[in-house]
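Chain by chain, the residues run as shown.
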Amino acid sequence: MAFPQFSARTRKWALRGGVVLLGLAAWAGYQHLNPPPPPAPPPQAEAKLTDVVQAVQAAGVLQPRVKVDVGAQVSGQVRKIHVQLGQQVKKGDVLVSLDPEFARSEVAQAEAALAQQAALIDVRQADLKLAQAELGRQRRLLAGEATAATEAERAEAELLKLQADLRGQNASLKSLQAQLDKRRLALGYATITAPIDGVVVNLPVQEGQTVIAVQITPVMVTLANMDEITVRTRVPEADVSAVRVGQPARFITLSGEAQRYEGVVRVIQPVPERAGNAVFYNVLFEVDNKARKLLPDMTVQVSIATGEAKGVLTIPTVALGERADDGRFTVQVVDAKGSNQSRKVRTGLQDGARVQVLDGLKAGEKVLLAPPSEAASAASAAAK
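Residues numbered from 1 in each chain as written. Predicted model: local features only at pLDDT ≥ 70, side-chain atom pairs only at ≥ 80, totals over all residues. Heavy atoms only, no water.

Novice: Please clarify how the overall build of the protein should be interpreted in this entry.
Specialist: Within the protein, the secondary structure is distributed over five helices and 18 strands. Each of the 384 residues in the protein was classed as buried or not, and the buried ones make up 30%. Contacts spanning at least 24 positions in sequence make up 72% of the contacts within the protein whose residues lie at least 6 apart. Entry remark: accessible area of the protein is about 24,200 Å², with carbon and sulfur atoms responsible for 55%. (Helix = DSSP H or I, 4+ residues; strand = E, 2+ residues; numbered from the N terminus. Buried < 20%, exposed > 50% of the residue type's maximum accessible area, 1.4 Å probe, protein only. Contact = heavy atoms within 4.5 Å. Areas by Shrake-Rupley, 256 points an atom, 1.4 Å probe, with all protein chains shown as cover.)

Novice: How do you make sense of the packing of helix H2 (residues 101-143) against helix H3 (residues 149-189) when you look at a structure like this?
Specialist: The description of two packed helices rests on the angle between their axes and on the distance between the axes. Viewed as axis vectors pointing N to C, H2 and H3 meet at an angle of 165°, and their least axial separation amounts to 8 Å. By the criterion of interaxial angle, the relationship of H2 to H3 is roughly antiparallel. Crossing handedness for the pair H2 and H3: left-handed. (Axes fitted to C-alpha atoms, helices over the stretch in contact; angles between N-to-C directions. Parallel < 35°, antiparallel > 145°, perpendicular 65-115°, else oblique. Left-handed = near helix turned anticlockwise from the far one by under 90°.)

Novice: So what exactly am I meant to see when it comes to the pattern of salt bridges here?
Specialist: Pairing between side chains becomes possible if they bear opposite charge and their charged atoms approach one another. The final tally for this structure, using the stated rule, is 17 salt bridges. Among the ionic pairs, Arg79 bridges to Asp99, the shortest N-O distance being 3.1 Å. Taken as a pair, Arg79 in strand E3 (residues 76-81) and Asp99 in the loop between strand E5 (94-98) and H2 lie far apart in primary sequence, 20 residues in all. Of the residues examined, Asp99 reaches a relative accessible area of 26% and is grouped as partly exposed. Glu273 serves as the salt-bridge partner of Arg232, at 3.6 Å between the closest nitrogen and oxygen. Highlighted residues: Arg232 in strand E9 (residues 219-236) and Glu273 in strand E12 (residues 273-275), separated in sequence by 41 residues. Under the relative-accessibility criterion, Glu273 is labelled partly exposed at 29%. (Salt bridge = Lys/Arg side-chain N within 4 Å of Asp/Glu carboxyl O.)

Novice: Would you mind going over the environment of Leu294 with me for this structure?
Specialist: By the element assignment, Leu294 lies in the loop between strand E13 (278-288) and strand E14 (299-316). What makes Leu294 buried here is its relative accessible area of 0%. Residues Leu294 and Met226, spaced 68 residues apart in sequence, show a C-alpha to C-alpha distance of 8.4 Å. Sequence-distant contacts of Leu294, that is, excluding residues within four places in its chain, are made with Leu62, Met226, Ile229, Phe251, Thr253, Tyr261, Val287 and Asn289.

Novice: What am I meant to see in the pairing of strand E10 (residues 248-252) here?
Specialist: For a regular strand, the rule is simple: side chains alternate between the two faces of the sheet. Here E10 shows a buried face lined by Ala249 and Phe251 and an unburied face lined by Pro248, Arg250 and Ile252. As judged from the five bridges shared by E10 and strand E11 (residues 260-268), these two strands associate in the antiparallel manner. What sits directly across from Ile252, in E11, is Arg260. Here E10 runs beside E14; their pairing, made up of three bridges, is antiparallel. Directly across from Ala249, in E14, lies its bridge partner Ile304. (Pairing = 2+ DSSP bridges.)

Novice: Would you explain the nonpolar core in this entry?
Specialist: The tendency in soluble globular proteins is for nonpolar side chains to be buried side by side. Of all hydrophobic cores here, the largest spans 22 residues; its most connected members are Val231, Val235, Phe251, Val287 and Ile304. Among the secondary structure elements, those contributing two or more residues to this core are strand E2 (48-71), E9, E10, E11, E13 and E14. Counting residues in each nonpolar core, the second largest holds 20 residues, with Val78, Ile81, Leu98 and Met220 among its members. (Core = buried A, V, L, I, M, F, W, Y, C linked by side-chain atoms within 4.5 Å.)

Novice: I keep staring at the environment of Asp122 and nothing clicks. Help me out?
Specialist: Note that Asp122 resides in helix H2. When its relative accessible area of 49% is taken as the criterion, Asp122 is described as partly exposed. Residues Asp122 and Leu166, spaced 44 residues apart in sequence, show a C-alpha to C-alpha distance of 9.4 Å.

Novice: Teacher, can you tell me more about the packing of aromatic side chains here?
Specialist: For any pair of aromatic rings, geometry is given as the distance between the ring centres together with the angle between the planes. Applying the stated criterion across every chain, the model contains one aromatic pair. Centre to centre, the rings of Phe251 and Tyr261 are 5.3 Å apart; their planes meet at 15°, and the pair counts as stacked. One end of the pair, Phe251, is in strand E10; the other, Tyr261, is in strand E11, and ten residues separate them in sequence. Looking at Tyr261, the relative accessible area reads 9%, which means it is buried. (Phe/Tyr/Trp six-rings, centres within 6.5 Å; stacked < 30°, edge-to-face > 60°.)

Novice: Could you clarify how one ought to interpret H3 in this entry?
Specialist: Residue pairs spaced three or four apart in an α-helix point in one direction, given the helix's 3.6 residues per turn. The end-to-end C-alpha distance of H3, which contains 41 residues, comes to 61 Å, matching closely the 60 Å that a straight helix rising 1.5 Å per residue would cover. Turning to H3, its buried residues are Ala152, Ala155, Leu159, Leu162, Leu166, Gln169, Leu176, Leu180 and Ala186. Elements that come into contact with the buried residues of H3 comprise H2. (Expected span 1.5 Å × (residues − 1).)

Novice: I would appreciate a short explanation of the sheet that holds E3 in the present structure.
Specialist: Backbone hydrogen bonds hold the strands of a sheet together, and the pairing may be parallel or antiparallel. Taken together, the four strands give an open sheet; going across it, the order is E6-E5-E3-E8, and neighbouring strands pair in antiparallel fashion. Every interior strand has two partners, whereas the edge strands, strand E6 (191-193) and strand E8 (210-211), have only one. Across two bridges, E3 lies against E8 in antiparallel orientation. Directly across from Gln77, in E8, lies its bridge partner Thr210.

Novice: Got a minute to help me understand the side chain of Thr222 in this structure?
Specialist: Inspection of the secondary structure puts Thr222 in strand E9. Judged by relative accessible area, Thr222 falls into the buried class, the value being 2%. Contact partners of Thr222, with chain neighbours within four places excluded, come to Lys67, Val68, Asp69, Val199, Val200, Val201 and Asn202.

Novice: Before we go on, may I ask you to explain the confidence of the model for the protein in this structure?
Specialist: One rule of thumb: low pLDDT means the predicted coordinates there are not for detailed reading. With 84% of its residues at a pLDDT of at least 70, the protein reaches an overall mean of 83. Confidence scores differ between elements of the protein, with helix H5 (residues 372-383) showing the lowest mean pLDDT of 47 and E13 the highest of 95. (pLDDT = per-residue confidence, 0-100.)

What follows is the structure, encoded as structure tokens:
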């Protein structure tokens, strides 16, 4: 019996097919002898006793605790500026000198008016003495029936008229004296002095500039006491209910050695600020700045401690599942056999990383870190 003869090309493809089959058989044998490792268990964490500090995070702006705008109370030309920006001054130091000539002329006018009024009073007093003498003479003549009664009455009326006029002139004298005192006071205002100890933080005028203090008081210098800085913190309305006066507050500077500054909440301003649809409340506290490292209008990130608990039962915050209507959260508890069990827990304070467990768990129990749906999906994907 004769066997069929195959061509060289047919023999070549048959050889290739045999090699592929041999490779598949080898891979199947390797997989059988080296099965894949079992899927890793879902991430877990243990409920344990730790400290929890709950805090509200918000942006803050630094401002001097005491800031005073020193204005000009009289009009005039700025003759000399005695300070520079950033200069430390003491209370009573001269800041700005205005041209005093206008104020001096007003003082001279007031003095002249006062002297004129005093001279007029002297004349009225002389007239009053004559009227008193005439009234006395008429009364004596009337007693001797040497004059008519009408003459005595006329003398008495003239005396009363002069007395009333003299009282009016004395009142005018007091008014002119008050005006003179005011002009002299205005002359003193031509030299502007520092009302407090502080640093010059604003100097909006220049020498030679004319200031008009008629309807508004023009600001000449702004002083700020930099020994103590106020931190104005914008707390969102969702967090302000947890903030109380007296709570610790702190921030860390962004530059230098990142120094920490601490204070205590002094006031929560009741009038909010709005930014679009967002509502913020200003929370103020002070920090020491005698080292002069803090400057006005610096922006800082503030942390206000709204609650603290030491040695309490906590779990990672990511272990919390859905929240029920009664405020409790669902967690997945892992038993000794590795099975998961849903349990409701009541929570307390949280610091972002861990949350306090008030009831529903015991120390040492383990919980899944992923929500139940995510844990199930991870286990299903690893099993495929």
